[in-house]
Amino acid sequence: MKEDNNKVFRMVNKKTKYKLTISLLVSNSIGTIQKCLESLTPILQQVDSELIVVDTVGEKNSDGSLEIAKKYTDKIVHFAWCDDFAAARNAGLTLAQGEWFMFIDDDEWFNDVNELVDFFNNDECDNYLSLTYDIHNYKNLSTLSYYRSVATRCVKLTPNTKFVNKIHEQLVPIFTPSKKTKIFAHHYGYITEKNDKKVKRNEEIIERVLKENPQDMHMWTQLLGGLDKTNEDDIKKVKEIVNKALHEFEKKQLKVNEDYFNVGIIFDFLFLCLTKEKKWIEVLKLRENIETAGSFSEYERCISDFFVYQALVNLNRFEDARNYVQDYSKKLKGLRDDEQKWLQQQSFYFESYVSEDKLFTMATTIAQYDRMNKNWRAIVLDAYNLPLENNSKYLANILPVIFEAAYYEKDNKLFQYVCRELMDEDGKLPKVFGIGILNVKKALGVNPIELTKIISVINAPKDPFIMVQAALAGEQSSSFNKQIEKLKKQKVIIVTPCEELFPLLIRNGIEPTKFIETINYDEWVTTINQLAEFYAEEKDKIPSFLAKIEKTWQPCLKRSMLLMCLRHKYLFSQDITTDMIKGQIESYIADVVSFGNAVYNVDLLSQDSYLLLPGEVRFGLFLKEAIEEKKNGHTDRYFAKLHQALNSYEIANHLVELLLKEYSDEQVKQQNMVNELEQLGNQVKMKIIELIQQEKFEQAKPLVLELAELLPKDLEVKRLWSLCNKG
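As the structure is a prediction and not an experimental result, all values here were calculated from the model.

Reading guide: rules and limits
Residues numbered from 1 in each chain as written. Predicted model: local features only at pLDDT ≥ 70, side-chain atom pairs only at ≥ 80, totals over all residues. Heavy atoms only, no water. Buried < 20%, exposed > 50% of the residue type's maximum accessible area, 1.4 Å probe, protein only. Helix = DSSP H or I, 4+ residues; strand = E, 2+ residues; numbered from the N terminus. Pairing = 2+ DSSP bridges. Axes fitted to C-alpha atoms, helices over the stretch in contact; angles between N-to-C directions. Contact = heavy atoms within 4.5 Å. Polar contact = N/O pair within 3.5 Å; in protein donor to acceptor, adjacent residues only side chain to side chain. Expected span 1.5 Å × (residues − 1). Arc of directions from axis to C-beta. 1 Å grid on protein atoms, 1.4 Å probe; cavity = no way out; pocket = protein on both sides within 12 Å on 5 of 7 lines; lining within 4 Å. Points joined across faces, edges and corners; volume = space filled by probe spheres on them. Nonpolar A, V, L, I, M, F, W, Y, C, P; charged D, E, K, R; others polar. Phe/Tyr/Trp six-rings, centres within 6.5 Å; stacked < 30°, edge-to-face > 60°.

### Remarks on the pairing of strand S6 (residues 130-138)
Here is step 1: Among the nine residues that make up S6, nine are buried, leaving the element largely enclosed by the rest of the structure.
Here is step 2: Relative to strand S7 (residues 146-156), S6 is paired through eight bridges, and the arrangement is antiparallel. Paired with tyrosine 133 across the strands is alanine 151, a residue of S7.
Here is step 3: For S6 and strand S10 (residues 178-187), the ladder comprises seven bridges, and the chain directions are parallel. Note on S10: the bridge partner recorded for asparagine 137 is histidine 187.

Listed below in structure tokens is the structure:
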């Protein structure tokens, strides 16, 4: 390859006057061409470069795009459109005077071109023969949904450089080494109202080319790539075309590497169709057949590995599926370690099928199967073969399973291995590590104290989560206070996954402000929700925990938020009782009002302004007024305020029902007391009357006085008193 590369360098076009030529194909894309040209401006201004515009519609038919392009360059090539994209591109390429050549469409624009500017101005370009960047192909106008493709659209020119293929044209030859950049271009070309016309136009061009040359395997892949594959009829059509393409491949006498590359993609489309049809046995047979059909690249084997894995899982052959996950992982690692091989082998249509995302999805399914069968050793062995480094964003589902397996296998080295793989240059672990450990602590059969001790001795002294685990493990030791001081010194804060630090502080009567003051609102909301979820499983502990918080932590907004959230979790649970409500309802109201005053100044608001407040704050305010009306004996107003409260916050339905039940129970209890007093009073009256009849007036008087205290409004008691005095 080195000899070839040197030869290419010597063959650079003698017409070179610029470092870079940018060729822009202009159609009628008035909505995007301005963005395209503006994104190119930093390159044109800072790099020794030229811009060539190839006009494919003509002055008369232009929607104004051409006039915009003329403001950026006077190098305009008018090309008479002939349904040949390669010919249009070559029209611009022919006039290129740059050492390097890059091409772009008017419905694309770069996000940031600083890396390109540096590449050419810092002479980094002397070390490469091509350059790649990503394209975000959007599925809708929201800019949120897109599929990513890697494009090699910038090359060092040679006299042999040219575009081939009338549709979905390619620039050839492309030599390595190739620079993989981090820049990307936005592409909206296939979501406009012209999309259907574009697809139909492309199909017509492809079919004409295939009619002329039915053994052009690249065109077969282009045709298959543009077809829908959603319903039964679509899939049937795709399979028919696949068979035609493979038949032509078999007939072809001289097969080159490019043919094998394209036929691999054709097989992938067949895999896709069989998968959509859920014909799992046929998927397995297809893999067996292609094993003997030819030599396919590592990239292509990753794609077929994935389809075979899907088939095996659906056939409940998980042990066999494991082999394909391992094979996928091995090949993916080889491709990632050799970037040039990756660039040479990648497939545009199945790019998402060869990725760490797919690998960890596959590995997680196998790990979950092993977990269900308590095959902990298999999980441990597979974990050591996973590419954990730099892939923390894919680990949320599999790490808890790995940690649980390590716990049961007593493989403490695996915890350290994962830690070492995920730790950054500053000695910090990603949040997913700590979250994974916290999830395992909740698992049935796991002793959280034992797991804490295991994690506390991991060699990661700068990581906040590990430091918190060490403090938890040493809570009863003489070094505990030193560990707390270390946490303060390192400015550890109580955010996920370090939320265990908060109850640790509260248990030991340590004021938590130092560990909370720098937390922003969103972080604190996440933290208190995590704490609430933890205590939701042990609701009976919430009241005592709340009391300790109020004793340890001075009032502030963050405290109000936490207390409100914990009491909400307690009071709004479906198994709460009226007895449980009594000790917390007024404190909950105080928390809500405190929060409302701190954030919304609710004391200054009229009831008409309550509609602007969050539902729970409105609920708390109306509930406060209801309790006050109840204390004042205004039953009707109490009920009215409860109704307003419920209308403000419908999820409080169960709590309001309990408050009404509590009121009803109180009324019944009060009536029972009245009835009991009346019954007792009648008994005493009978005794008093008996004493008066016996003229034992002095003995009767104390009884009358006691009765007067029990029944102060009873007129008969007053009459009995008069009779005693007359005697």
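### Examining the sheet that holds strand S5 (residues 108-110)
Here is step 1: Pairing is mixed across the open sheet formed by eight strands, whose spatial order is S3-S2-S1-S4-S7-S6-S10-S5. Single-partner strands in this sheet number two, and they are strand S3 (76-78) and S5. When the angles between neighbouring strand axes are averaged without regard to direction, this sheet yields 30 degrees.
Here is step 2: Against the sheet, helix H2 (residues 33-46) contacts strand S1 (18-26), strand S2 (49-55), strand S4 (98-105) and S5, and its axis sits at roughly 180 degrees relative to S1.

### Re the side chain of glutamine 345
Here is step 1: Among the secondary structure elements, glutamine 345 is positioned in helix H13 (residues 339-345).
Here is step 2: Only 2.8 Å separates the side chain of glutamine 345 from the side chain of glutamate 298, close enough to count as a polar contact.
Here is step 3: Those residues within four positions of glutamine 345 in sequence are excluded, and the remaining contacts are Phe261, Ser297, Glu298, Tyr299 and Leu335.

### Focus: helix H23 (residues 521-536)
Here is step 1: If you check H23, its first and last C-alpha atoms are 22 Å apart, about what 16 residues at 1.5 Å a residue would give, namely 22 Å.
Here is step 2: Three or more residues of H23 are buried, namely Trp524, Thr527, Ile528, Leu531, Ala532 and Tyr535. In an axial view of H23, the angular spread of the buried residues amounts to 135 degrees, which keeps them on one side of the axis.
Here is step 3: The secondary structure elements touched by the buried residues of H23 are helix H22 (501-507), helix H24 (542-552) and helix H25 (557-571).
Here is step 4: A side-chain oxygen of the first residue of H23 lies 3.2 Å from the backbone nitrogen of aspartate 522; this N-cap is asparagine 520.

### Digging into the layout of surface pockets
Here is step 1: Roughly 1,000 Å³ of internal volume is contained in the second largest pocket.
Here is step 2: As for the second largest pocket, its lining consists of 29 residues, and the residues nearest its centre are Pro448, Glu500, Pro503, Arg507 and Phe534.
Here is step 3: Elements with a minimum of two residues in the lining of the second largest pocket: helix H18 (431-441), helix H19 (448-456), helix H20 (464-473), H22, H23 and H24.
Here is step 4: Tallied by class, the residues present in the lining of the second largest pocket amount to twelve nonpolar, six polar and eleven charged.

### Here's the deal with the packing of aromatic side chains
Here is step 1: Across all of its chains, the model carries 42 aromatic pairs by this definition.
Here is step 2: Here phenylalanine 307 and tyrosine 353 contribute two aromatic rings whose centre-to-centre distance is 5.2 Å and whose plane-to-plane angle is 35 degrees, an arrangement assigned as tilted. Residue phenylalanine 307 is located in helix H11 (residues 298-314), and its partner tyrosine 353 is located in the loop between H13 and helix H14 (356-372); the two are separated by 46 residues in the primary sequence.
Here is step 3: The buried category is assigned to phenylalanine 307, whose relative accessible area is 0%.

### Digging into empty space enclosed by the protein
Here is step 1: Going through the model one piece at a time under the given rule, you end up with one cavity of 30 Å³ or more.
Here is step 2: Of the pockets and cavities examined, the largest cavity occupies roughly 70 Å³.
Here is step 3: Lining the largest cavity are Gly264, Phe267, Asp268, Phe271, Arg287, Ile290, Glu291, Phe296, Glu300, Arg301 and Ser304.
Here is step 4: Breaking the lining of the largest cavity down by element, the ones donating at least two residues are helix H9 (257-276), helix H10 (280-293) and H11.

### With respect to the environment of serine 479
Here is step 1: When you line up the elements, serine 479 lands in the loop between H20 and helix H21 (480-489).
Here is step 2: Looking at serine 479, the relative accessible area reads 30%, which means it is partly exposed.
Here is step 3: There is a polar contact of 3.1 Å between the side chain of serine 479 and the side chain of serine 477.

### Notes on unusual backbone geometry
Negative phi values dominate among residues other than glycine, just as trans dominates among peptide bonds.
Here is step 1: That bond from valine 172 to proline 173 is cis: its omega, -10 degrees, falls within 30 degrees of zero.
Here is step 2: Mapped onto the elements of the fold, proline 173 is located in the loop between strand S9 (170-172) and S10.
Here is step 3: In the segment running from threonine 176 into proline 177, the intervening peptide bond is cis, with an omega of 10 degrees.
Here is step 4: Along the chain, proline 177 turns up in the loop between S9 and S10.
Here is step 5: With a phi angle near 60 degrees, asparagine 316 is a residue other than glycine that sits in the positive phi range.
Here is step 6: Within the fold, asparagine 316 resides in the loop between H11 and helix H12 (318-337).
Here is step 7: Residue classification places asparagine 316 among the exposed residues on the basis of a relative accessible area of 60%.
Here is step 8: For lysine 410, which is not glycine, the phi torsion reads 55 degrees and is therefore positive.
Here is step 9: Here lysine 410 shows up in the loop between helix H16 (399-408) and helix H17 (412-422).

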